[in-house]
Every structure is written in C-alpha cells, then in structure tokens.
Amino acid sequence: TAILGFGAGTTPEEAKKLSVQIGDTRIRMVYPDMMSVTVEDFEGNATNSLVDGRYLAAMMAARQLSPNRDVASPWTGTKFVGTNGLARILDTVEQNDVASAGITVMEDRPPFICVRHGLTTDMSSVLMKTPTVIQIADEVQQRARDTLEAFVGVKFLPGILSQIEGRVAKMMGELIQAQIVANYTGIRANVSDDDPTAAEVEAYYQPVFPLLYIILQFNLRSSL
C-alpha cells in the first residue's frame, strides 16, 4: 500500500487526473499539496516554512501505524497536530470535486488538520473506495495464514477438514470481538478437485464499515 502526497503547486485538476489514471485500492493520495510548519534551529529561532504534500502523506502513514489504531479505525475524521495549517484552502465544492476522483482530502479545523474523507483511488464501489475495508481484508488473510499454518505438513486425514473449519470460525469470532469483522457465514473446507494434497477453504464475512454520513429528516408541523 502506498500513501502519496503531491508536489507543491499541483492544482486540483492535475491531482484528479493522476488519481483517475491510477485507480487502485493500494494507492491512496492525500491533498492539498502544501502546508505550513514552524521549525526551530539549535538557537531556538523559529522559522515558518512551506512543505509539500509528501509531508501530509507521511503524517497519514505514521497515523495508520499508531498502536492506538486498528485496521478498522476510519480514516475520515483523523486529526493531525504540529503544523500551522494548510497552505491551499479549498471550499466545500472544490473539496467534493477532488474527493470524487478518489483523493483523500484534508481540511483545516484549527488547531488540527483533519481528514475530511478517506478514500482509495479506486472509486468503483464502496468496498473498493473505503481504505479500511482493504485493510480489514488484508488482516483477515494474514490471520488466516497464521491460524492454518500448523496444518501444513500433517497427514491429510478425514477429520482435518472439520478442524480447519473450527479454527477459521474461532478466528472470525476473535475478529468480531476486536470490532474488525461484523459478521461471517459459510465457512467450508473441502479437498481440492485438482490436487488431493490441497484443502480449499471458503468463507463469507462483512467488515466493520466506518460511519461517514448522517442523514437527517425533520418534519415541521404547526401542532403535534
């Protein structure tokens, strides 16, 4: 997975064009392209400097590696400190326009820089454009490999398949308790039709989605 920032001077249109050309769940881009930071020298003299979007990308990457977050922690709403704010300000219409191309847009909410909407560059579906869904899928696959590694190299006896199903079900239960997976079903293990030394395992699961929108409807009445 790559989290990328833009060089200073990259216009919204240029950023959108590049994102659409890439269109990959593994590539996540952050915008705007500039922010201001204060740097002190060894004598304590403070200097305000402009840095480009690569620093925003580094901040986002570091935040994802924080031990206080898991793979299901939403990108949207993430807050960053330690800067003076963004050096390119977009209005709401411009922010929506940039985000529509699959770019993670950040905005100033003093004293923070906040992620307005976290996205991947693949906008084909909600499963593809939501960064945490891809992170959860990776986590499930990694845990499955670790869970089933002990079965590789044992005798392929009739009871092995049911043991594999039980281990996967237990793993899914742990992921539900960790608030990473919402639900699962259809765990099934069988001998491969093409290779009697291989077991094929299938399961369906629902990731924990981020809450991104609250739709309100108020009904005005003269009396109730």
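First things first, this report covers the structure right here in the doc.

1. Some details on the pairing of strand β2 (residues 27-31)
Along β2, 5 of the 5 residues are buried, which leaves the element largely enclosed by surrounding structure. Of the two faces of β2, the one holding I27, M29 and Y31 and the one holding R28 and V30 are both buried throughout. Pairing of strand β1 (residues 2-4) with β2, which is carried by 3 bridges, proceeds in the parallel orientation. Residue A2 lies in a different strand from β2, and its bridge partner there is I27. Handedness of the β1-helix α1 (residues 12-22)-β2 crossover: right-handed.

2. Brief notes about the packing of aromatic side chains
Per the stated rule, a full pass over the model turns up 1 aromatic pair. Each ring, one from F6 and one from Y31, has its centre 5.6 Å from the other, and the planes form 75°; the classification is edge-to-face. With F6 in the loop between β1 and α1 and Y31 in strand β2, the pair connects residues that are 25 residues apart, well separated along the chain. Y31 carries the same exposure label as F6, and that label is buried.

3. Some thoughts on the sheet that holds strand β7 (residues 103-109)
An order of β1-β2-β7-β8-β5 is seen for the 5 strands of this open sheet, with the pairing classed as mixed. Here the strands that pair on one side only, and so sit at the sheet edges, are β1 and β5 (79-80). Its contacts with the sheet place α1 against β2 and β7, and it is angled at close to 170° to β2.

4. Some points on a negative patch on the surface
A grouping of D193, D194, D195 and E200 is seen on the molecular surface, where their side chains present a negatively charged patch. Within the fold, D193 resides in the loop between β9 (181-191) and β10 (199-207). Among the residues examined, D193 registers a relative accessible area of 77% and is labelled exposed.

5. Focus on the pattern of salt bridges
With the rule as written, the count across this model stands at 9 salt bridges. One salt bridge connects D52 with R54, and the closest N-O pair in it is separated by 2.9 Å. Assessed through its relative accessible area of 13%, D52 is described here as buried. One salt bridge in this structure joins R143 and E139, with 2.8 Å as the shortest N-O distance. With R143 and E139 both in helix α5 (residues 131-148) and 4 residues apart, this pair spans about one turn of that helix. For R143, a relative accessible area of 27% translates into the label partly exposed. Classification of E139 as buried rests on a relative accessible area of 16%.

Procedures and definitions
- Residue numbers restart at each chain and count upward from 1, following the sequence in its written direction.
- Residues qualify for local features only when their pLDDT is at least 70, as the model is predicted, and side-chain atom pairs are given and counted only at 80 or more; totals for whole chains, interfaces and linings, by contrast, use all residues.
- Each side-chain value is derived from all of the structure's non-hydrogen atoms; neither hydrogens nor water enter the calculation.
- Accessible area is worked out with a 1.4 Å probe on protein chains only. A residue is then buried under 20% of its type maximum, exposed over 50%, and partly exposed in between.
- Counting from the N terminus, the helices are the DSSP runs of H or I reaching at least four residues and the strands are the DSSP runs of E reaching at least two.
- Paired strands, in this sense, are two strands between which DSSP finds at least two bridges.
- Every crossover in which the path from the first strand over the helix to the second runs clockwise, viewed with the strands pointing away from the viewer, is termed right-handed.
- Any Phe, Tyr or Trp ring, taking Trp's six-membered ring, that has another such ring centre within 6.5 Å forms a pair; planes under 30 degrees apart are called stacked, those over 60 apart edge-to-face, and the others tilted.
- Throughout, a residue-residue contact means that at least one pair of heavy atoms, one from each residue, lies within 4.5 Å.
- Lines fitted to C-alpha atoms define the axes here, with helix axes fitted over just the stretch in contact, and angles between the N-to-C directions of these axes take values from 0 to 180 degrees.
- Patch membership is restricted to residues that have no salt bridge and whose relative accessible area is over 30%. Joining uses 9 Å for like charges and 5 Å for the nonpolar side chains Val, Leu, Ile, Met, Phe, Trp and Tyr.
- Accessibility throughout is a Shrake-Rupley quantity obtained with a 1.4 Å probe, and a residue counts as covered only by protein chains that appear here.
- Definition used for salt bridges: Asp or Glu carboxyl oxygen within 4 Å of a side-chain nitrogen of Lys or Arg.
- Note that His is not counted, nor are the chain ends; the positive residues are Lys and Arg, and the negative ones are Asp and Glu.
- The atoms used to mark charge sites are NZ of Lys, CZ of Arg, CG of Asp and CD of Glu.

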